[in-house]
Amino acid sequence: MSAGVFDLFKLGVGPSSSHTMGPMTAAARFLAALADQGDLARVVRVETTLYASLAMTGRGHATDRAVILGLAGFEPATIDPDAAEAQLAKIAESGRLTLGAGGPEIAYSAADDILWQGRTRLPQHPNALRFLALDGAGAPLAEGLYFSIGGGFVVHETEFGAPPVSSGPAIPYDFVSADDLLAMAAREGVSIAELMWRNETARRTPDEVNAGLDAIFEAMEACIERGLRQDGCLPGGLNVRRRARQHFNELTRRMERNISDPLAALDWVNLWALSVNEENAAGGKVVTAPTNGAAGLLPAVLRFYDRFYRGGVEGRRTFLLTAAAIGALYKRNASISGAEVGCQGEVGVACSMAAAGLTAALGGDNAQIENAAEIAMEHNLGLTCDPIGGLVQVPCIERNAMGAVKAIDASRLALLGDGQHTVSLDKVIATMKRTGEDMNEIYKETSLGGLAVNVVEC
Ligand code: SF4
């Protein structure tokens, strides 16, 4: 079943949906499986092995911390970053960890209990992690192999390769491609947003869907605002200075010039994207859109619509529903994992989603929306993932700003046309997947190539 709007837009914590949120969720699922089989109380040790990309960029992406927090009962959607920090310090100091809610307290040492197997890539996916629970005699009680497949989605090895599932009852329009989506909408005589709305209201009441959409917007807005208030350097040792607050002060100071500068709006779009991604890099609360690394792009374009076009609640909902329909196509037919297809799967997909959302909110028809989504991805094809120091900072933060501006441009191009174009969205999604498969591993969230090796860390 196609991913829904609340699968793609989730409240989470930075810096990475695949390397932070996913492993935290996997740890929680492993504990739940142990509890189900009645063995949780007998556990005295839990060993976690991180493979390939999770190991190679895991320290910069806080994967080890996420695993520990997941074992300690924290979940991405509800985590309080301050409480998590305190818990991590307590575990490190005491060498003791209480497994989930109601589990036993066990001896725990991250140095001994987390194994880093960067050179081992499991055939299914580069983001793999295995949990092993042992009893007092050192005998295995349970083992669980999970894959963090991007955007915070996690699958057990037995689920790998199955079509993406979405929570809740069946949906009326389970489109498998963009052509399918357009055909269904044409048959019903509705917009893409309306089609998504009908899917969502098959799972929830209309009030719940509206409240959920508005909550996504509010969470994105809160993240922008939080980022604008912060100063100093981002964590991780790269000494990347936070810029959003200083840019905000500068833009506010030059209000007069903003009025006469025809491109001043772009300064604000850049600012809002930077603000969210700085928050993400600092481990703050963000909305995956569709991933954490790409979390700033969509909020920046959505706020651009809201502020510069006097958006309003209906337009914002249309934006999010349309963007989610496009995101579901990538999730189903390609990937939203930087470790699998490079940054084209993160910032590229976010750009495509935002271009579609903006086009819909500005009154574009379904053909123009499909065209905007296609243009946005066509010019992100081949985008590599090469984060310096394995941190979601450089190039990630600025890349969101660039992607937001590109999404606006793609939308404007599409809105000038009649929706007729040469490369279909389905073709570009297939091309993106193939390009990702062909891409050398060093450019897929391993920090073994690109900027990650050509810029000296100091
Ligand atoms: S370069 Fe792109 S895909 Fe890689 S970590 Fe940064 S935002 Fe994510």
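Criteria and cut-off values
Residues numbered from 1 in each chain as written. Predicted model: local features only at pLDDT ≥ 70, side-chain atom pairs only at ≥ 80, totals over all residues. Near = placed C-beta within 6 Å. Nonpolar A, V, L, I, M, F, W, Y, C, P; charged D, E, K, R; others polar. Pairing = 2+ DSSP bridges. Helix = DSSP H or I, 4+ residues; strand = E, 2+ residues; numbered from the N terminus. Axes fitted to C-alpha atoms, helices over the stretch in contact; angles between N-to-C directions. Contact = placed C-beta atoms within 7 Å. Domains from an automatic or database assignment. Core = buried A, V, L, I, M, F, W, Y, C linked by C-beta atoms within 7 Å. Buried ≥ 20, exposed ≤ 12 C-beta atoms within 10 Å, placed from the backbone. Parallel < 35°, antiparallel > 145°, perpendicular 65-115°, else oblique. Left-handed = near helix turned anticlockwise from the far one by under 90°.

Close to the ligand lie 13 residues; Gly293, Gly338, Cys343, Cys385 and Cys396 are nearest. Taken together, the residues of the shell around the ligand sort by class into eight nonpolar, two polar and three charged.

Our next topic: the sheet that holds strand 2 (residues 45–51). Sheet architecture is open: five strands sit in the order 5-2-6-7-8, paired in mixed fashion. The sheet is open, and its two edges are formed by strand 5 (114–117) and strand 8 (153–156), each paired on a single side. Each strand axis lies, on average, 25° off the axis of its neighbour in the sheet, ignoring direction. Its contacts with the sheet put helix 2 (residues 17–36) on strand 6 (128–134), strand 7 (140–150) and strand 8, and the angle it makes with strand 7 is roughly 150°.

Under the domain assignment, the protein chain is made up of domain 1 (17–156) and domain 2 (178–454). One C-alpha centre belongs to domain 1, the other to domain 2; they are set 30 Å apart. Listed as interface residues are 19 residues of domain 1 and, on the opposing side, 25 residues of domain 2. If you list the elements that add at least two residues to the side of domain 1 that touches domain 2, you get helix 2, helix 3 (52–56) and strand 7.

Take the nonpolar core next. Counting 98 residues, the largest nonpolar core has Leu297, Val301, Ala354, Ala355, Ala404 and Ala407 as its most contacted members. In terms of residue count, the dominant contributor to this core is helix 16 (residues 347–361) (11 residues). Sequence-distant contacts of Ala404, that is, excluding residues within four places in its chain, are made with Val269, Ala273, Leu297, Ala300, Val301 and Ala354. The next biggest cluster of nonpolar side chains, apart from the first, holds 44 residues, and it includes Leu50, Leu69, Ala128 and Ile149.

Here the focus is unusual backbone geometry. Residue Pro15 follows Gly14 across a cis peptide bond; omega there is 5°. Counting through the fold element by element, Pro15 comes out in the loop between strand 1 (10–13) and helix 2. In this structure, Pro395 follows Val394 across a cis peptide bond, with omega equal to 15°. Position of Pro395 relative to the elements: it lies in the loop between helix 17 (366–378) and helix 18 (396–416). A positive phi is found at Ala62, a non-glycine position, where the angle reads about 65°. Tracing the sequence through the fold places Ala62 in the loop between helix 3 and helix 4 (63–71). Exposure remark for Ala62: the 26 C-beta atoms within 10 Å place this residue in the buried category. For Glu445, which is not glycine, the phi dihedral falls at a positive 55°.

A few words on the pairing of strand 8. Looking at chain direction, strand 7 and strand 8 are connected through four bridges and run antiparallel. Among the inter-strand pairings, Gly150 is bridged to a residue of strand 8, identified as Phe153. Connecting strand 7 to the next strand, strand 8, in antiparallel fashion are two residues, including Gly151 with a positive phi near 65°.

So, about the environment of Leu31. The topology assignment puts Leu31 in helix 2. According to the C-beta neighbour criterion, Leu31 is buried, with 26 such atoms within 10 Å. For the pair Leu31 and Val313, spaced 282 residues apart in sequence, the C-alpha to C-alpha distance is 40 Å. Discounting chain neighbours no more than four positions away, the residues touching Leu31 are Leu40, Leu71, Leu99, Gly100 and Gly103.

Running from amino to carboxyl end, helix 13 (residues 297–308) crosses helix 18 at an angle of 45°, the nearest separation of the two axes being 8 Å. The orientation of helix 13 with respect to helix 18, classified from their angle, is oblique. In terms of crossing hand, the pair formed by helix 13 and helix 18 is right-handed. Contact residues: helix 13 offers Leu297, Ala300, Val301 and Phe304, while helix 18 offers Asn400, Gly403, Ala404, Ala407 and Ile408.

This part covers the environment of Phe308. Assignment of secondary structure puts Phe308 in helix 13. The exposed category is assigned to Phe308, around which 12 C-beta atoms lie within 10 Å. On a C-alpha basis, the gap between Phe308 and Leu238 in space is 35 Å, while along the polypeptide they are 70 residues apart.

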